Amino acid sequence: MYFKQILDERCGCASYLVASRQSHEAAIIDPSVHIQQYEELLQERNFRLRYVIDTHVHADHISGARQVRAKHAAELCLHESAQVTYAFRPLKDGEELALGQLRLRVLHTPGHRAEMMSILVVNPPRSPEPSMVLTGDSLLVGDVGRPDFGGGDASEQYESMTRLLRLPDWVAVFPGHFEGPCGKGMCGRPNTTIGFERLYNPLVRLDRGAFISILSEGVPARPLNMTAIEPTNRGLADMPWAMLTSALPIREIDIEALENRPPDTAVFDVREPPEYAHGHTPGAINIPQADLASRLDEIPRDRPVILICQAGIRSFRAAQFLAQVGVAQVASVQGGTAAWRKAGKSVSVEDTSVEAPRVTESEWTHAGGGSSAQV
Ligand SMILES: [Fe+2]
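Because the structure is predicted, anything quoted here is derived from the model rather than measured. (Residues numbered from 1 in each chain as written. Predicted model: local features only at pLDDT ≥ 70, side-chain atom pairs only at ≥ 80, totals over all residues. Heavy atoms only, no water.)

This part takes up the overall build of the chain. When helices and strands are counted, the chain shows 10 helices and 19 strands. At 22 Å, the chain has a C-alpha radius of gyration in line with the 21 Å of a compact globule built from 375 residues. A principal-axis box enclosing the C-alpha atoms of the chain has dimensions of 70 × 45 × 35 Å. The buried share of the chain, taken over its 375 residues, is 55%. The long-range share in the chain, meaning contacts at least 24 apart out of those at least 6 apart in sequence, stands at 67%. Accessible area of the chain: about 14,900 Å², with a carbon and sulfur share of 50%. Averaging the positions of the 37 positive and the 46 negative side-chain charges in the chain gives two centres separated by 4 Å. (Helix = DSSP H or I, 4+ residues; strand = E, 2+ residues; numbered from the N terminus. Rg over C-alpha atoms; globule rule 2.2 N^0.38 Å. Buried < 20%, exposed > 50% of the residue type's maximum accessible area, 1.4 Å probe, protein only. Contact = heavy atoms within 4.5 Å. Areas by Shrake-Rupley, 256 points an atom, 1.4 Å probe, with all protein chains shown as cover. Lys, Arg positive; Asp, Glu negative; His and termini not counted. Charge placed at Lys NZ, Arg CZ, Asp CG, Glu CD.)

Listed below in structure tokens is the structure:
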């Protein structure tokens, strides 16, 4: 057996290449858009790609699955409930894919999304039991995937976590994310075991009610460009550029510079609508980071643009994305709206009758976050 975990530091995602050394057949699970790395591995090892599997329709990064499939006579596999516009091999719970002597067994684990599935890797000559499970965004290291990405369900996530934790202790867990916006309390380690998570995952001791309320409150903001990325991965849109793939330097400005900005400057608040409604810097227009790529035509190209969020990380990454797509004069407010309030400046309040913000600030600082402040 051959197994490789490939970590993408830019989006906090993990993808996998599993192959039989005997038959040279390979499967790639959750490929990123950087498909060259898989091509090189396949070539180096003389593997023949049989399956490309997306554990679910991703909302935070563009999948490379269709790109990889286009280069090989491989089957693109998703759970049978996936709502996509392109052809795929629909997999059912319990179904097995043969990969030489190996078996990839499907375990439907909805919760993060309805079509979420985990893949058990079984090597029958070694053992009738699985030795590892690729959990996508169901069970994460010290966490589970958040259920608010479209079609997710906290109660189903509880069932899926419980089901996964019934696997034997020794089963190695390889998730789809080691950091990033798909969970809110990931440990940062790229793998774990079922036994360790059963003992130490903070969510496993909760009863169903407590689990659901923890998952439903205090979620991180929706990911950057989610409303462009998710439809692209479903084949409904074609915006493969809607992903932050660079780490361009961004000018950060302080509160004084924001206050004394040139009059033709456009200021955008990239927080979620309830955060904005409950108080924003005067003059800022709300474009949540999730909608930035979908609303790109609202960003002026001929005058300065300033982005602000709660504490400076979301706006920094959003500014990196704007710079990546050619917005030249873009800056990010260091410390964000929190610094503005702290400095005693007044905020504009839109409508406090809207739901109070339930966005939890997280310390997801990788991918060019630029500081250790909260998002
Ligand atoms: Fe996900």
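Sheet strands line up and pair through hydrogen bonds in the backbone, either parallel or antiparallel. If you walk across this open sheet you meet the six strands as E1-E2-E3-E4-E5-E6, and the pairing is mixed. Strands with a single pairing partner mark the edges of an open sheet, and in this sheet they are strand E1 (2-8) and strand E6 (89-91). When the angles between neighbouring strand axes are averaged without regard to direction, this sheet yields 25 degrees. Sheet topology note: the strand E3 (residues 25-29)/strand E4 (residues 48-53) ladder contains five bridges and is parallel. The residue of E4 that forms the bridge with Ala-27 is Tyr-51. Across the sheet, helix H1 (residues 36-45) lies against E1, strand E2 (13-19), E3 and E4, angled at about 160 degrees from E1, the strand it touches most. (Pairing = 2+ DSSP bridges. Axes fitted to C-alpha atoms, helices over the stretch in contact; angles between N-to-C directions.)

This brings us to the pattern of salt bridges. On inspection of all chains with the given rule, the structure shows 18 salt bridges. Note that Lys-345 and Glu-259 form a salt bridge whose closest N and O atoms lie 2.8 Å from each other. Linking Lys-345 in the segment after helix H10 (336-342) with Glu-259 in helix H7 (residues 255-259), this pair joins segments that are 86 residues apart in sequence. Taking the relative accessible area as the measure of exposure, Glu-259 reaches 39% and is therefore partly exposed. Asp-269 is the salt-bridge partner of Arg-271, the closest N and O atoms lying 2.9 Å from each other. Both residues of the pair, Arg-271 and Asp-269, belong to the buried class. (Salt bridge = Lys/Arg side-chain N within 4 Å of Asp/Glu carboxyl O.)

For the rest of this paragraph, the subject is the state of the cysteines. Applying the stated rule across the entire model yields zero disulfides. Unpaired in this structure, Cys-77 has its nearest cysteine sulfur neighbour in Cys-13, at a distance of 20 Å. The exposure class of Cys-77 is buried, given its relative accessible area of 0%. (Disulfide = S-S within 2.5 Å.)

Every α-helix carries 3.6 residues per turn, so stepping three or four residues along brings you back to the same face. The first and last C-alpha atoms of helix H9 (residues 313-324) sit 16 Å apart over 12 residues, in line with the 16 Å expected at 1.5 Å per residue. Along H9, 10 of the 12 residues are buried, which leaves the element largely enclosed by surrounding structure. Among all positions of H9, only Ile-313, Arg-314, Ser-315, Phe-316, Arg-317, Ala-318, Ala-319, Gln-320, Phe-321 and Leu-322 are buried. Of the surrounding elements, those touching the buried residues of H9 are strand E15 (251-253), helix H8 (273-277), strand E18 (305-308) and strand E19 (330-333). Of the residues flanking the end of H9, it is Gly-326, one or two places downstream, whose phi is positive at about 100 degrees. (Expected span 1.5 Å × (residues − 1).)

So, about the packing of aromatic side chains. By the definition in use, this model includes seven aromatic pairs. Ring geometry for Tyr-16 and Phe-174: centres 5.9 Å apart, planes at 75 degrees, overall edge-to-face. Here Tyr-16, found in strand E2, pairs with Phe-174, found in strand E13 (residues 172-175); they are 158 residues apart in sequence, far enough to count as distant. Each member of the pair, Tyr-16 together with Phe-174, is buried. (Phe/Tyr/Trp six-rings, centres within 6.5 Å; stacked < 30°, edge-to-face > 60°.)

Quick look at the coordination of the iron ion now. Octahedral six-donor coordination of a metal ideally yields angles of 90 or 180 degrees, compared with 109.5 degrees for tetrahedral four-donor coordination. With distances of 2.0 to 2.3 Å, the protein atoms coordinating the iron ion are His-56 (NE2), His-112 (NE2) and Asp-137 (OD). Counting residues between consecutive donors of the iron ion along the chain gives the motif H-x55-H-x24-D. Of this pair, His-56 sits in the loop between E4 and helix H2 (65-71) while His-112 sits in the loop between strand E8 (102-108) and strand E9 (117-122), and the two are 56 residues apart along the sequence. (Donors = N, O, S within 2.8 Å, 3.2 Å for Na, K, Ca; no water.)

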